[in-house]
There are 2 protein chains.
Amino acid sequence: MRVFSQRIHTIFVISLFFVNIIFAQTGGQNFDLAEYSDFSDPVIPSSFISLYEGEDSYIILVEKRGQKLFLLNNVNGNISIIKSYLCSTGRKIGDKKESGDLRTPEGVYFFRSKIDSTELPPLYGAGAFVLDYPNIFDRIKHKNGYGIWLHGTNEPERIQNSNDTKGCIVVKNEDILELGKYIVLNETPIIVVNEIVYRKLEYVNKDKDEVLTFLKKWKKSWESKNIKEYIQCYSRYFKFRKMNLKAFRSYKKRVFNIYKWIKININNIQIFKSESNILISFLQEFKTDSYYDYGVKQLYLTKEDNSYKIIGELWSKVEDNTGNIK
Amino acid sequence: MRVFSQRIHTIFVISLFFVNIIFAQTGGQNFDLAEYSDFSDPVIPSSFISLYEGEDSYIILVEKRGQKLFLLNNVNGNISIIKSYLCSTGRKIGDKKESGDLRTPEGVYFFRSKIDSTELPPLYGAGAFVLDYPNIFDRIKHKNGYGIWLHGTNEPERIQNSNDTKGCIVVKNEDILELGKYIVLNETPIIVVNEIVYRKLEYVNKDKDEVLTFLKKWKKSWESKNIKEYIQCYSRYFKFRKMNLKAFRSYKKRVFNIYKWIKININNIQIFKSESNILISFLQEFKTDSYYDYGVKQLYLTKEDNSYKIIGELWSKVEDNTGNIK
């Protein structure tokens, strides 16, 4: 499904969702269109900062208010909607905060595992994909709970009833089977929002430039084994496994000394916005004189004193991550 | 500047800001336009739910990120930008939380008083308008601080320096004099956002219908002197002067009994969204068999168990509220 790109430098092209302003007629009321050049700004959905140019990839976008799930296709940085599906989300309105609150969490998530129907009670229908709620951003906000899945159902009428789950996102059985074909574990994002809102492209591009400058600095400090500059990219609240920033620094310094040289190739960068935070996901090729690995990396960024800092990071080996449910 | 409208039923017409999607070329990078019907939704800036049809009124919109102040004109529910001004806001990025944090608060505010230059140190230039920060929503969030003004300056070069204030919004002297002509104290809103974001008209209209249904219920319960239904419109956290909800109920019950009949006319309704809260501002004509008053009312609404409730309200007599600085 995905071929490793040989290009070292990825060209970033973001596409625009076409947001159309029309003479709208809703509920019998007329809305007048006013054309005002000052507000003639191009806008895009606020979750997207940048998508990579290159091979196809897929993104799932869930709009809770409309009880809709959109399967999006990114081709060369252009997003298209392949299909929209009906879905049902948590019974209670609002963002999930704690276990048992019957809410569907809002944020940018990845599917970390899949569960075939044979391993599940009938309630979950044709299969399930496990979201990484609570993720690093959620845990900072002391959100808790678990078991947020995208799954099918043996009662298709639940999909017609909106807001009928304990927090999971439920679609019809045929839809979970179809969606599974597009899901790559650890790589395909599922973005959950209450309403899709739109931001000006001008600011999105400013954010993108700032994030890419940060990413370049991080990569350069790693390749040059400059522990001081490398650690400056991390938040004082950064945690990695059981390590705090100080322990992480010692660990990294030790690892830096093992290798004569380090070369990092970054590809397929996707940048998402989650409230005021940034999530970067990319394919990372790590080469040294004595070691090689290749995987998908996620960097969770917050702003501290107006600079981006990594508050958490995740890596997983790229292997057969396809989401086909057997 | 404003003539009392005789129409009892106000017709609500909201206009659309024209948000244009173009082939954008920014910073030497090409952006491809993708036209996708599923995202062809009409969108409007997220602070506006509804503006009234009728006479002219003015709204000030400050976008901190762009250091821009927009003077907007509402004519029959259509918003136009009369002019955009350069401005300078707080030195620190982000929403104001406490006294001395050097941030400009984000929200929907009203000007409660004006101060002529003769009463001010030269620093404030040609005059100042006092914003009602912290307002009812801010105080619920335990935000504090004071002295957030829109004012001029005797150092016009400050406007060129972006983010150069302690939290005030500063414009050039000629601009504060010009803006003053459009400001009606207690009635002209000043909306402060970091970035203007846009919402789908579909959801804005749903919100509008819900808010107007609530307002109708509140008005009807007041006119019919139905204390139970009237109090159901208020939050259990409602405060009015020194009264909690229980004391307010007793007070209102007493007042209801004074009058044989009550008739409320509501005009020039403006509905704004401030995060997940709603602010309604309107002209209120209060008539009874023995008493009459006419003023501007602001209702501050929050959602509790998915229903709107009034968390606070303000009223001020309509008199000469024009903001001309002498």
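Residues numbered from 1 in each chain as written. Chains lettered and ligands numbered in written order. Predicted model: local features only at pLDDT ≥ 70, side-chain atom pairs only at ≥ 80, totals over all residues. Heavy atoms only, no water.

## A look at the overall build of chain A
We count it as follows: Counting from the N terminus, the helices are DSSP H or I runs at least four residues long and the strands are E runs at least two residues long. Whether two residues are in contact is decided by their heavy atoms, any of which lying within 4.5 Å being enough. Only the protein chains shown count as cover for residues, and the accessible areas themselves come from Shrake-Rupley with a 1.4 Å probe.
Broken down by element type, chain A carries 6 helices and 17 strands. A fraction of 63% describes how many contacts in chain A between residues 6 or more apart in sequence connect residues 24 or more apart. For chain A, the exposed surface amounts to about 14,200 Å²; the carbon and sulfur share of it is 50%.

## Notes on the nonpolar core
For clarity, the cut-off: To form a nonpolar core, buried Ala, Val, Leu, Ile, Met, Phe, Trp, Tyr and Cys residues must be joined to one another through side-chain atoms within 4.5 Å. Any residue under 20% of the maximum accessible area for its type is buried, any over 50% is exposed, and the rest in between are partly exposed; the area is computed with a 1.4 Å probe on protein chains only.
Counting 46 residues, the largest nonpolar core has Phe-48, Leu-72 and Ile-191 of chain A together with Phe-48, Leu-72 and Ile-191 of chain B as its most contacted members. Within the second largest apolar cluster, 33 residues are counted, among which are Leu-215, Trp-222, Ile-227 and Ile-262 of chain B.

## A look at the confidence of the model for chain A
Basically, it comes down to this: pLDDT expresses how confident the predictor is about each individual residue, on a scale running from 0 to 100.
Chain-level pLDDT for chain A is 86 on average; 85% of the residues reach the 70-or-more range. In the model, residues 1-38 of chain A has pLDDT below 50 throughout and makes 135 contacts with residues more than four positions away in sequence or in other chains.

## Regarding the pairing of strand S15 (residues 277-288) of chain B
Residue and element names in this part refer to chain B. To be explicit about the condition: In short, DSSP must find at least two bridges between two strands for them to pair.
The element S15 is extensively covered by neighbouring structure, given that 11 of its 12 residues are classed as buried. Both strand S14 (residues 262-274) and S15 contribute to a ladder of 11 bridges, which runs antiparallel. Bridging across to S15, Ile-266 finds its partner in Gln-284. Where S14 folds back on S15, the antiparallel hairpin that results is connected by 2 residues, among which Glu-275 adopts a positive phi of roughly 55°. Here 10 bridges tie S15 to strand S16 (residues 292-304), and the two strands are oriented antiparallel to one another. Note on S16: the bridge partner recorded for Ile-278 is Leu-301.

## So, the pattern of salt bridges
What counts here: Every case where a carboxyl oxygen of Asp or Glu lies within 4 Å of a side-chain nitrogen of Lys or Arg is listed as a salt bridge.
By the definition in use, this model includes 38 salt bridges over all chains. In this structure, the salt-bridge partner of Arg-199 of chain A is Glu-195 of chain B, at a minimum N-O distance of 2.6 Å. Remark: Glu-195 of chain B occurs in the loop between strand S12 (189-193) and strand S13 (198-200) and Arg-199 of chain A occurs in strand S13 (residues 198-200); the pair is interchain, linking two chains. Since its relative accessible area comes to 2%, Arg-199 of chain A is described here as buried. Note that Lys-96 of chain B and Asp-101 of chain B form a salt bridge whose closest N and O atoms lie 2.9 Å from each other. Residue Lys-96 of chain B is classed as buried on the basis of its relative accessible area of 2%. The structure contains a network of salt bridges with shared partners spanning Arg-65 and Glu-195 of chain A together with Arg-199 and Asp-207 of chain B.

## What about unusual backbone geometry?
Note: most peptide bonds trans; most residues except glycine with negative phi. Residues and elements named next belong to chain A. In this model, Tyr-133 is joined to Pro-134 through a cis peptide bond whose omega is -5°. On the secondary structure map, Pro-134 appears in the loop between strand S9 (127-131) and helix H1 (136-140). Its identity as a non-glycine residue notwithstanding, Asn-163 has a phi of 50°, on the positive side. If you trace the backbone, Asn-163 turns up in the loop between helix H2 (157-160) and strand S11 (169-170). One non-glycine residue with positive phi stands out, namely Glu-275, at about 55°. Mapped onto the elements of the fold, Glu-275 is located in the loop between strand S14 (262-274) and strand S15 (277-288). Glu-275 sits in the exposed class, given a relative accessible area of 54%.

## Here's the deal with helix H6 (residues 245-258) of chain B
Residue and element names in this part refer to chain B. To keep things clear, this is the line we draw: Expected helix span is computed as 1.5 Å times (number of residues minus one). Polar contacts here mean pairs of N or O atoms no more than 3.5 Å apart (in protein, one a potential hydrogen donor and the other a potential acceptor; neighbouring residues in sequence count only if both atoms are side-chain atoms).
In a regular helix each residue adds 1.5 Å, so 14 residues correspond to 20 Å; H6 covers 20 Å between its end C-alpha atoms and thus fits that length. As for H6, its buried residues are in contact with helix H4 (201-223), helix H5 (227-232) and S14. One side-chain oxygen of the residue at the start of H6 lies 3.2 Å from the amide nitrogen of Lys-246, identifying that residue as Asn-244.

## Focus on the sheet that holds strand S10 (residues 149-151) of chain A
The strands making up a sheet are joined through hydrogen bonds of the backbone, oriented either antiparallel or parallel. All names here are of chain A. The condition is simple: Every axis in this analysis is a line fitted to C-alpha atoms, fitted for helices over the stretch in contact. Angles between the N-to-C directions lie between 0 and 180 degrees.
Strand order in the open sheet made by the 8 strands is S7-S6-S5-S12-S8-S9-S10-S11, with mixed pairing throughout. Looking at strand neighbours, the two that pair on one side only are strand S7 (78-86) and S11, the edges of this open sheet. The sheet contact formed by strand S8 (residues 107-116) and strand S12 (residues 189-193) spans 4 bridges and is antiparallel. Its bridge partner lying in S12, Tyr-109 is registered against Ile-190. Against the sheet, helix H3 (residues 173-180) contacts strand S5 (57-63), strand S6 (68-75), S7, S9 and S10, and its axis sits at roughly 155° relative to S7.

## Considering the packing of aromatic side chains
Residues and elements named next belong to chain A. Selection rule: The criterion for an aromatic pair is that two Phe, Tyr or Trp rings (for Trp, the six-membered ring) have centres within 6.5 Å, with stacked assigned to planes under 30 degrees apart, edge-to-face to planes over 60 apart and tilted to the rest. In this scheme, Lys NZ or Arg CZ marks a charge over a ring once it lies within 6 Å of the ring centre and within 35 degrees of the ring normal.
Applying the stated criterion across every chain yields a total of 42 aromatic pairs over all chains. A centroid spacing of 6.2 Å and a plane angle of 70° characterise the contact between Tyr-109 and Tyr-133, whose relative ring orientation is edge-to-face. Of the two residues, Tyr-109 is situated in strand S8 and Tyr-133 in the loop between S9 and H1; the sequence distance between them amounts to 24 residues. Judged by its relative accessible area of 0%, Tyr-109 is buried. Its guanidinium or amino end placed over the ring of Tyr-308, Lys-303 lies 4.8 Å from that ring's centre, counting from NZ or CZ.

## Remarks on the side chain of Gln-67 of chain B
Residues and elements named next belong to chain B. Structurally, Gln-67 is set in the loop between strand S5 (57-63) and strand S6 (68-75). Only 2.9 Å separates the side chain of Gln-67 from the backbone oxygen of Lys-64, close enough to count as a polar contact. Those residues in contact with Gln-67 that sit more than four places away from it in its chain are Tyr-85, Leu-86, Cys-87, Ser-88, Thr-89, Ser-162 and Asn-163.

## Describing the sheet that holds S16 of chain B
Residue and element names in this part refer to chain B. Reading across the sheet, the 5 strands line up as S4-S14-S15-S16-S17 and stay open at both edges, with antiparallel pairing between neighbours. At either margin of the open sheet sits one strand with a lone partner, and together these are strand S4 (48-50) and strand S17 (307-317). Averaged over all adjacent pairs, the angle separating strand axes in this sheet is 25°, with direction ignored. Judged from the 2 bridges that link them, S4 and S14 form a sheet pairing that is antiparallel. Bridging across to S14, Phe-48 finds its partner in Phe-272.

## Examining helix H3 (residues 173-180) of chain B
Using the following cut-off: Along the arc lie the directions from the helix axis toward the C-beta atoms.
Listing the buried residues of H3 of chain B in full gives Asp-175, Ile-176, Leu-179 and Gly-180 of chain B. Buried residues along H3 of chain B cover an arc of 135° about the axis, so they all sit on one side.

## Observations concerning the layout of surface pockets
All names here are of chain A. Applicable threshold: We place a 1 Å grid over just the protein atoms. Points where a 1.4 Å probe fits but has no way out form a cavity, open points with protein on both sides within 12 Å along at least 5 of 7 lines form a pocket, and any residue with an atom within 4 Å of a point lines it. Grid points are joined across faces, edges and corners, and a volume is the space filled by probe spheres set on the points. Domain start and stop positions are those given by an automatic or database domain assignment.
Volume-wise, the second largest pocket comes out at about 740 Å³. Considering the residues around the second largest pocket, the lining is formed by 27 residues, among which Phe-240, Arg-241, Glu-313, Leu-314 and Trp-315 are closest to the centre. Of all elements in the fold, only H1, helix H6 (245-258), S15, strand S16 (292-304) and strand S17 (307-317) reach the threshold of two or more residues within the lining of the second largest pocket. A domain split of the lining of the second largest pocket shows at least three residues from each of domain 1 (56-194) and domain 2 (199-317).

## Re the environment of Cys-87 of chain A
Residue and element names in this part refer to chain A. With respect to the secondary-structure elements, Cys-87 resides in the loop between S7 and S8. Look at Cys-87 and you get buried, because its relative accessible area is 1%. Through-space distance from the C-alpha of Cys-87 to that of Gly-66 is 9.0 Å; in sequence the pair is 21 residues apart. When residues no more than four places from it in sequence are discounted, the contact partners of Cys-87 are Val-62, Gln-67, Lys-68, Leu-69, Ile-159, Ile-169, Val-170 and Val-171.

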